[in-house]
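Read off the chains here:
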Amino acid sequence: ASSMRLAAVYSCIHRLASSMAQMPIHVLKKSGDDVVPGTDHPAHYLLSASPNMFQSSYDWREQSQQVALAHGNAVTRLIRDRRTGHLTELALFDPAHIGKPQRGQSGWYYPAYDDQEHRWFALPIYDAVHIKGFGADKLWGASPIRYHAETIGLGLATKKYGSQFFGGGGRPSGILIDKTPNMAADQGKQHRANLKSSWREGGIGKGSGRTALLTGDLDYKAITIPPEEAQFLETQKMNRSEIAGIYNVPSHMINDLDKATFSNISEQAIHFVRHSVMPWVVRWEQEINRKVFTEAELRAGYYVKFNLAGLLRGTAK
């Protein structure tokens, strides 16, 4: 949750999630050499229009992709009619309400929480579409955010430092050294109180731009590194590029245009479709095909396919 407050992470996740959601998704049926729309299958309306009463197809896919990118696993429950066995609803689990698959007496299942009945239950593994993130575990995907916590943490620390620095008027913090000769106890106490009062009245640290009028023999020493010396802006740019690399998103697509030109942006857009979006498309298609359709339906030629032309919908050609 905290990493999503970092603009680069939010931009990468939003870019990939919205790209997956805006592509048309179709149920098709191959009959001999012909491919026809599989509009007669119950999954057609659920996948392409409305998976449940609360979400459109766009909403469901965007949220599922967002959960997969942030948490590493997006699990959607396949709810079927008990009498006919036909698919009636697709319901995405909250990441906190679904656990890693476990093996029980009747086979593999997900520990899942039912929001309506307020209880945990065993969800059979083939009654769920599970979109996994990249990772070495075949049962459970890894969260890119957890894998790269240090890189994202650096970005959050940089953001916090910038907020504190400019919130304090853009001045480095420091200490005042009072070189006034020793005074009597009461007199010294009053002198220090006067200094504090003058400092506060000047609005130092509040970004007000006022100046404190101080009395006495004082020396000021800065105790923090100014942003230009700490390469504040360069650190921000480097961190954005690294986070874009973690999510395999071209930097220009999260508004990092330092190295972008009109000639290479079109090539980077093609790179985005081929190397950033396409792996997720294949992952979605294969998981839906093996979970939504029965063996008999697969043999009959049913399958699902994303239309990547949806990503080019706004181009002149």
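Residues numbered from 1 in each chain as written. Predicted model: local features only at pLDDT ≥ 70, side-chain atom pairs only at ≥ 80, totals over all residues. Heavy atoms only, no water.

1. A closer look at the side chain of Gln55
Defined as follows: Helix numbers and strand numbers start at the N terminus; a helix is a DSSP run of H or I with at least 4 residues, a strand a run of E with at least 2. Three labels apply to residues, based on accessible area from a 1.4 Å probe with only protein chains included: buried if under 20% of the type maximum, exposed if over 50%, partly exposed otherwise in between. Each polar contact in these results corresponds to two N or O atoms within 3.5 Å; when the atoms are within protein, one needs to be able to donate a hydrogen and the other to accept it, and residues that are neighboring in sequence are counted only if both atoms are side-chain atoms. The contact criterion used throughout is that any non-hydrogen atoms of two residues lie within 4.5 Å.
Locating Gln55 in the fold gives a position in the loop between α2 (42-48) and α3 (57-71). Take Gln55: its relative accessible area is 16%, and that puts it in the buried class. At a separation of 2.6 Å, a polar atom in the side chain of Gln55 contacts the side chain of Gln63. In contact with Gln55, not counting residues within four places along its chain, are Ser50, Trp60 and Gln63.

2. Some words on the packing of aromatic side chains
Defined as follows: Only centres within 6.5 Å qualify two rings of Phe, Tyr or Trp (six-membered ring in Trp) as a pair; their planes then separate them into stacked at under 30 degrees, edge-to-face at over 60, and tilted for everything else. The criterion for a charge sitting over a ring is simple: Lys NZ or Arg CZ within 6 Å of the ring centre, and within 35 degrees of the ring normal.
A complete count under the given rule lists four aromatic pairs for this structure. An angle of 85° between the planes, with centres 5.6 Å apart, marks the rings of Trp60 and Trp284 as edge-to-face. With Trp60 in helix α3 and Trp284 in helix α8 (residues 262-292), the pair connects residues that are 224 residues apart, well separated along the chain. Here the aromatic residues Trp60, Trp284 and Phe306 are joined through ring pairs into a cluster of three or more. A cation sits over an aromatic face here: Arg283 above Trp280, 4.5 Å from the ring centre. It is Lys291 that lies over the ring of Tyr126; its NZ or CZ is 5.7 Å from the centre.

3. A closer look at the environment of Asp114
Counting through the fold element by element, Asp114 comes out in strand β6 (residues 107-114). Residue Asp114 is classed as buried on the basis of its relative accessible area of 12%. Asp114 sits 21 residues away from Phe93 along the chain, and the two C-alpha atoms are 9.1 Å apart. In this structure Asp114 touches Arg77, Arg119 and Phe121, once residues within four positions along its chain are discounted.

4. Looking at the side chain of Asn289
Relative to the assigned elements, Asn289 resides in helix α8. Here Asn289 falls in the buried class, since its relative accessible area comes to 17%. Ignoring any residue separated from it by four or fewer positions in sequence, one finds Asn289 in contact with Leu298, Tyr303 and Val304.

5. Overview of the confidence of the model for the protein chain
Under the convention used in this document: A residue's pLDDT is the confidence the predictor assigns to it, expressed on a 0 to 100 scale.
Scored by pLDDT, the protein chain comes out at a mean of 83, with 80% of its residues at no less than 70. The secondary structure element of the protein chain with the lowest average pLDDT is helix α5 (residues 149-167), at 70, and the one with the highest is strand β8 (residues 128-132), at 97.

6. Quick notes on the layout of surface pockets
Definition in use: Whether a set of points on the 1 Å grid over the protein atoms alone is a cavity depends on a 1.4 Å probe fitting there but being unable to get out, while an open set qualifies as a pocket with protein on both sides within 12 Å along at least five of seven lines; lining residues are those with an atom within 4 Å of a point. Grid points are joined across faces, edges and corners, and a volume is the space filled by probe spheres set on the points.
Approximately 860 Å³ is the volume found for the largest pocket. Lining the largest pocket are 26 residues; nearest its centre among them are Arg77, Ile79, Glu89, Ala91 and Gln116. Within the residue set of the lining of the largest pocket, elements represented by two or more residues are α3, β3 (73-80), β4 (87-92), β6 and β7 (119-124). It is β3 that contributes the most residues to the lining of the largest pocket, four residues altogether.

7. Examining the pattern of salt bridges
Applied cut-off: Any Lys or Arg side-chain nitrogen located within 4 Å of an Asp or Glu carboxyl oxygen qualifies as a salt bridge.
Taken as a whole and judged by the stated rule, the model has six salt bridges. Between Asp137 and Lys100 there is a salt bridge, and its shortest N-O distance comes to 2.6 Å. In this pair, Asp137 is assigned in the loop between β8 and α4 (144-147) and Lys100 in the loop between β4 and β5 (102-104), connecting sequence segments 37 residues apart. Judged by relative accessible area, Asp137 falls into the partly exposed class, the value being 29%. On the basis of relative accessibility, which here comes to 38%, the residue Lys100 falls in the partly exposed class. Across the pair Arg290 and Glu287 runs a salt bridge whose closest N-O atoms are separated by 2.9 Å. Note that Arg290 and Glu287 are positioned in helix α8 at a spacing of three residues, about one turn of the helix. Classification of Arg290 by relative accessible area gives partly exposed; the value is 42%.

8. Examining the packing of helix α1 (residues 7-22) against α3
For clarity, the cut-off: Lines are fitted to the C-alpha atoms to define the axes, a helix being fitted only along its stretch in contact, and any angle between axes, read from their N-to-C directions, falls within 0 to 180 degrees. The crossing is said to be left-handed when, going from far helix to near helix, the turn is anticlockwise and less than a right angle, and right-handed when the turn is clockwise. Each residue is assigned to one class: nonpolar for Ala, Val, Leu, Ile, Met, Phe, Trp, Tyr, Cys and Pro, charged for Asp, Glu, Lys and Arg, and polar for all the others, Gly among them.
It is at 8 Å that the axes of α1 and α3 come closest, and there the two elements cross at 145°. Pair α1 / α3 crosses with right-handed handedness. Across the interface between the two elements, Ile13, Leu16, Ala17, Ser18, Met20, Ala21 and Gln22 of α1 pack against Tyr58, Arg61, Glu62, Gln65, Gln66, Leu69 and Ala70 of α3. The class makeup of the residues in the contact of α1 with α3 is eight nonpolar, four polar and two charged.

9. Some details on the pairing of β3
Filter applied, for reference: Note on pairing: two strands pair once DSSP finds at least 2 bridges between them.
Note: β3 against β8, five bridges, orientation antiparallel. Bridge assignment links Arg77 to a residue of β8, and that residue is Ala128. Bridge analysis of β3 against β4 gives five bridges, and the strand direction is antiparallel. By the bridge assignment for β4, Leu78 is matched with Leu90. Where β3 folds back on β4, the antiparallel hairpin that results is connected by six residues, among which Gly85 adopts a positive phi of roughly 80°.

10. Description of the sheet that holds β4
The strand order across the open sheet built from three strands is β4-β3-β8, with neighbouring strands paired in antiparallel fashion. Single-partner strands in this sheet number two, and they are β4 and β8. With strand direction ignored, the average angle separating the axes of adjacent strands in the sheet is 20°. Packed onto the sheet, α3 meets β3, β4 and β8 and runs at close to 140° relative to β3.

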